[in-house]
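These are the residues of each chain, in order.
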Amino acid sequence: GAFEYSREEGTPAYSFKGQVPAKQKRERVDQILKTQQKISLAHNELQIGKTHRVLIEKQDEKDPSLFYGRTQMDAPEIDGICFVRSKKKIKIGQFKDVIVTDALEYDLIGESL
């Protein structure tokens, strides 16, 4: 992740001259995030065909064959998720072996084995 610099009173940088304008800060962060998306997608594409142990955390409300989980690489509320298709019922909180079938910038898509 990346964030725009934010001035904080009491820090040495607060009184620096030549502060970067807000528009330029946003443009810089956007550029960093676009670059990171490409890197992340390339990393996730390397996972296609591999099997990961996924902690199932939620079932889709509209599609009972779709579950959401995370691999051991994914921190909750920070990293991406793994979308898991399963023909069988999965209990929330259960670990499932999942083969990755596709990848997004931040997320994996797979099928329960």
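Please refer to the structure higher up on the page.
Since the structure is predicted, the reported quantities are computational estimates derived from the model, not experimental observations.

Colleague: Report on helix α1 (residues 22-45), specifying residues and quantitative values.
Modeller: An ideal rise of 1.5 Å per residue puts 34 Å on 24 residues; α1 measures up with 34 Å between its terminal C-alpha atoms. Taken residue by residue, α1 has Lys 25, Val 29, Ser 40 and Asn 44 as its buried positions. Elements that come into contact with the buried residues of α1 comprise β4 (95-103) and β5 (108-112).

Colleague: Before we move on, could you go through the nonpolar core and cite the residues and values that matter?
Modeller: With 10 residues, the main nonpolar core is built from Val 54, Ile 56, Phe 67, Cys 82, Val 84, Ile 90, Val 98, Val 100, Ala 103 and Leu 108. For this core, the secondary-structure elements that each account for two or more residues are β1 (51-59), β3 (82-85) and β4. The leading source of residues in this core is β4, at three residues.

Colleague: I'd like to hear about the pattern of salt bridges, residue by residue, with values.
Modeller: Pairing is possible between side chains that carry opposite charge, provided their charged atoms lie close to one another. Under the defined criterion, the tally for this structure stands at three salt bridges. The salt bridge partner of Arg 70 is Glu 57, with a shortest N-O separation of 2.7 Å. One end of the pair, Arg 70, is in strand β2 (residues 66-70); the other, Glu 57, is in strand β1, with 13 residues separating them in the sequence. Under the relative-accessibility criterion, Glu 57 is labelled partly exposed at 39%. Notably, a salt bridge pairs Arg 85 with Asp 63, separated by 2.4 Å at the nearest N-O pair. Pair noted here: Arg 85 is in strand β3 and Asp 63 is in the loop between β1 and β2, with a separation of 22 residues, a long-range link.

Rules used throughout
- Residues numbered from 1 in each chain as written.
- Predicted model: local features only at pLDDT ≥ 70, side-chain atom pairs only at ≥ 80, totals over all residues.
- Heavy atoms only, no water.
- Helix = DSSP H or I, 4+ residues; strand = E, 2+ residues; numbered from the N terminus.
- Expected span 1.5 Å × (residues − 1).
- Buried < 20%, exposed > 50% of the residue type's maximum accessible area, 1.4 Å probe, protein only.
- Contact = heavy atoms within 4.5 Å.
- Core = buried A, V, L, I, M, F, W, Y, C linked by side-chain atoms within 4.5 Å.
- Salt bridge = Lys/Arg side-chain N within 4 Å of Asp/Glu carboxyl O.

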